[in-house]
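So you can see what is in the structure, the chains are spelled out below.
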Amino acid sequence: MKKKRLITRTIILVVMALAVGYTLYANMNKDKNNKIVVGEPAPDFVLVDMEGNKHRLSEYKGQGVFLNFWATWCKPCEREMPYIENQYQQFKDQGVQVLAIDSGETDLVVNRFIDRKGLNFPVMIDDGAVQSTYGINPLPITFLIDKEGNVVRIHTGELTEETVRAFMEQIKP
Amino acid sequence: MKEVKCECGHVNPQGTILCESCGRLLEDNEKEKQLIDMRYEGSARRSQTYNKTIIDKIWNFFSSVKVGVSLIIILLIASSLGTIFPQEMYIPPLLPASEYYGEKYGWLGKLYYDLGFHNLYSSWWYLILIAALGISLVIASLDRVVPLYRSLKNQRVKRHESFLKRQRMFHVSDAELPEEASAKIKAKLAKKRYKLREEDGDLLAEKNRFSRWGPYVNHLGLIIFLIGGMLRFVPGMYVDEILWLRDGETKSIPGTEGRYYLKNNQFIFEVYDKDKDEKVFKDAISKVGTVVKNYQTNATLYERQGDIIPGETPKLEKVRDQSIQVNKPLKIDGYALYQVDYKLGEMSKMAFKLENKQTKEQFGDLVVDLYDPKMSYDLGKGYKVEVMSYFPDFEFNEDGEPATKSRVPNNPAFIFNMITPDKPDGEVSFVAIRQNLEPLGENDYKMTFAGIETKNVTALTVRKDYTLWIIGLGGLIFMIGVVQGAYWNHRRLWIRRINGQIWTAAHTNKNWYGLKRELDEVFADSGIDAPKDQEAEDKKE
Amino acid sequence: MVELSSNFLFTAFILYLVGILFFGGAIKDKRHADKKAGPNRWAKIGIIITIAGFVSQLIFFILRWIASGHAPVSNLFEFTTFFGMSLVGAFIFIYFMYKTPLLGLFTLPIAALIIAYGSMFPRDVTPLIPALQSYWLHIHVTTTAIGQSILAVSFAAGLIYLVKSVDQQKRTKSNIWLEVVLFGLVSTLGFVFVSSYFAATDYSVNFNYINKDGQPDTEKYSLPALVGPYQYEMTDQSRFEPLFKTPAIISARKLNTVIWSIGAGIVLYGFLRLILRKRVAAAIQPWTKNINLDLVDEIGYRSVLIGFPVFTLGGLIFAMIWAQIAWTRFWGWDPKEVWALITWLFYAAFLHLRLSKGWHGQKSAWLAVIGFIIIMFNLVAVNLVIAGLHSYAGS
């Protein structure tokens, strides 16, 4: 009798404690990106770059993809672009693809930016659908996708040349 | 478990004050009291009886009404603190919160911010308070409802004298109760919807016992409500996004995973007109100035056909046209789109003329679409304007260079290269609103501003909330419980023949006045007196 | 039609005042000592007059509804007078349960005071802003007001209980606090007098000043300015020059009104004390001589029991349903919502303390008084001072 009571009480208390714990945890982390999970496959998308070529993420299976979300009005994005360009030159023949997705700006602005910075990797403009799928909030944000198409790392914020290199090294097939 | 056996033979759980069956007093110290405490029918509240392990201690802590009420009071005070200054979500987005409070409300505001009161209702300690109250609801209810159920179910018609004597409503009549009078009383009681039980001429009349379950039903409702609130944190149960749409623009509705698209055909903003609208409003309108009448988005809803790959140009099929207004959201498939914000007159096109500064001669018009400017505009006859840079939301950055704050054309600025037959390499001109700079030296030509076109922008909130029905269910159950407990009273009347006397006692969980009135009616002309209020008698003495 | 409806409101107000006199007579009437006889003739006339007043105000309400096309609960004047009317309605309802004229003697003045207070706000028929254009306006606001007014009856009962039971022989904390509560009522009366006087004389004074966002702005006072706004400049030179300036974040006009009300309250209260030569509660204590304390306690408790579910339904459940439709979320921690929650929590605590801790009598009466203060705070301060989504336009 006494034992039964203890067990019932323990179970009820534990269940409630777990529920409260989960709620607190979720409340703390509610602002974090929760759409993309490291280790899971990266959601597919199709975008057309500034030269008119179509890029579909799933077609890059077998290569590592360095997926960068940016905008011209974002200072850190602008600062990290040359590093990405430099490392792209190093790694493009080793099976690493860079895809840079601009956050819905005009063709003119993006084209001028590409010219000014001398970018050679594909840059595409997304009107919101891809950003919404990836749960993009602050820019820049970079996703590293391995040759199987799984997300291996999510980095929010500015990159240094060293980290860009290390990241590309990481996803090199 | 130590049990208490009553003289009547019924075995009661430990801690019982009044025998569940006959009502005899089981605890000695209760015997000195004139009236007994009938709160839980004198049944054993489990929590109070065992206090051995840590689990029992935690359990007992939450089971206590004192703790529950303290939690309510603390929660009440905490909630009021959050209304001293606005919460972060209601402050204008001009300044970051860290500066806003100090700037606007002085040191008190700073303190408010430092204590985290600007986000009080989602702070960990506030959530813990609510959670503690929820736990207390569960445990306190469980601890009381079971014993109460047992004693109300087990009660006998013949209650012990010590029980009757200590009821607030009690009386002993030195009179006989003839069969005829007894039948009359019973008939009256039955008419008042009492349920009657008889044993050897003794009577128990009872009604509205279900009202005793009211508190537990409403607690259940609250628990369900809180569970609903908790489920909101489970991914996929809740979507809250915002969608800005310019007039004529079509976009995918965020949160729908690319399934639905919305086109804003037109955003409408109306204010009351003191001459055109109803005359009764005239005074109020002229006093206040502008009163908004309507915010409305005339929208078309589309559904995407085929596979969904984000980014791909979608094939859309129209679902329906609908106007979205405040209080009239558009609903589709569990999603609701609400009119929440707007922007009037966002610049969409800018027109310029290329002009010779000296002769004032003009060489054609160009209209720049601010959402999609072209690289160059050919004006013919060797006149051409190249757009070298475009800054939709222009500012000078820290380095003093022109830059853009965002992609929204709030303050468009351009660097043009004007190519003319006499200047084939072009002249560079920086043009912003009310600004015309010549960064590379004096020019012969200039771009004159020739007007703008604007568009309205609407903002819609996209919501999906699968917790709503649970929360609604909780609310409904709460209401049922609270009404059940508040609008009905559990009343009981005992009539016993003891040693040639008629003993009457009555109990209600509330509204004694009503019970008295009812009993006076029942016992009128019966030859015996209705039970009297012993508490009121005390006060008179 | 609006003019006509206002006449009905005025008639109702006068009838309530007359009703108070009759209930007063009912208490004084010596024949009342025999309790079994039920209410005496004074009380019967009193309740008939009260019902007549209620009907008259109901006509006001209906006419105004027809004139404006929406339930007249959309600005502070309309809401407050409706609240007053509900209080009278709740009193009538409870009067027929307990037949106590004394309750009328306490409830009707409070109701009349609330109506008079509400009438100090702009009385224009206002058009509805988009957020209010919903039938939930009628459902939510009226249910909430009715719930609150039933709860307010418990305040009247609590006040009776305290006036009768608090010892007036010596100075105690209880009777000081009781005086404070009565002073609050007197101050409201002071506000009504002062506002009516200056409104009747068409007093106004204008200021240019710097508002809380640092922008130049103008402000119009309808009472003489004791405090001026931040960095003000008076545009009517002939008017009384303010004695102080306020910092930018405080609304000087509202502070000025508060100072006037308290000032007028002090004068009125001081005058009362001078005439009565004892505490106000001590002066009205004899009225409560014949009332049974248990009965008053029960009236207070029952009005909470009846009012609590109605308030929950209107102030929380209907409120949430409407908020979900109009503001996209059923709960957003807007100050008014929070204060409705606080009210609800408070009465929940009241019920628990009573049921489980046996807080009857004086303790319960004090709680009823505090509950009413919370309700009035939500009505007055949250609208005028804190202001959020719920703040009605205008003052």
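A quick note: this is a predicted structure, and the numbers were derived from the prediction, not measured.

**As for the overall build of chain B**
Assigned secondary structure in chain B consists of 12 helices and 24 strands. Taken against the 2.2 N^0.38 rule, which gives 24 Å for 541 residues, the C-alpha radius of gyration of chain B at 39 Å runs more than 25% over that of a compact globule. When its C-alpha atoms are laid out on the principal axes, chain B stretches across 130 × 55 × 55 Å. Counting every position in chain B, which comprises 541 residues, the buried fraction comes to 49%. Summed over its atoms, the accessible surface of chain B is roughly 26,500 Å², and 53% of this surface lies on carbon and sulfur atoms.

**Side note on the state of the cysteines**
Scanning the entire structure with this criterion turns up one disulfide over all chains. Each sulfur in the disulfide pair A:C74 and A:C77 lies 2.0 Å from the other. Torsion about the S-S bond of the A:C74 and A:C77 cystine: about 85 degrees, corresponding to right-handed handedness. On the basis of relative accessibility, which here comes to 0%, the residue A:C77 falls in the buried class. Unpaired in terms of disulfides, B:C22 finds its nearest cysteine sulfur in B:C6, a separation of 3.6 Å. You can call B:C22 buried: its relative accessible area is 4%.

**Brief notes about the pattern of salt bridges**
Overall, the coordinates contain 41 salt bridges over all chains when judged by the stated rule. Here A:K172 and A:E169 are joined by a salt bridge, their closest N and O atoms 2.9 Å apart. Residue class for A:E169 comes out partly exposed when judged on its relative accessible area of 37%. Among the ionic pairs, B:E518 bridges to B:R491, the shortest N-O distance being 3.1 Å. Of this pair, B:E518 sits in helix α11 (residues 512-523) while B:R491 sits in strand β22 (residues 491-498), placing them 27 residues apart in sequence. In this structure B:R491 comes out as buried when scored by relative accessible area, which is 7%. Three or more residues are tied together by salt bridges with common partners; here these are A:E162, A:R165, A:E169 and A:K172.

**Examining the sheet that holds strand β4 (residues 233-234) of chain C**
Residue and element names in this part refer to chain C. Read from one edge to the other, the open sheet built from three strands follows the order β2-β1-β4, with strand pairing classed as antiparallel. With partners counted over all chains shown, the strands left at the sheet margins are β2 (216-221) and β4, one partner each. Where strand β1 (residues 205-210) lies against β2, six bridges are found, and the strand directions are antiparallel. When the sheet's bridge partners are listed, Y209 is paired in β2 with D217.

**Notes on the UniProt feature "transmembrane region" (unreviewed entry) in chain B**
Residues and elements named next belong to chain B. According to UniProt, the positions carrying the feature "transmembrane region" (unreviewed entry) are residues 67-85, 124-146, 216-234 and 466-488. Across residues 216-234, the secondary structure splits into 84% helix and 0% strand, with the terminal C-alpha atoms separated by 27 Å. What you have in residues 466-488 is 87% helix and 0% strand, and the ends, taken at the C-alpha atoms, are 35 Å apart.

Parameters and conventions
Residues numbered from 1 in each chain as written. Chains lettered and ligands numbered in written order. Predicted model: local features only at pLDDT ≥ 70, side-chain atom pairs only at ≥ 80, totals over all residues. Heavy atoms only, no water. Helix = DSSP H or I, 4+ residues; strand = E, 2+ residues; numbered from the N terminus. Rg over C-alpha atoms; globule rule 2.2 N^0.38 Å. Buried < 20%, exposed > 50% of the residue type's maximum accessible area, 1.4 Å probe, protein only. Areas by Shrake-Rupley, 256 points an atom, 1.4 Å probe, with all protein chains shown as cover. Disulfide = S-S within 2.5 Å. Salt bridge = Lys/Arg side-chain N within 4 Å of Asp/Glu carboxyl O. Pairing = 2+ DSSP bridges. UniProt positions renumbered as here; feature names shortened; annotations may be inferred.

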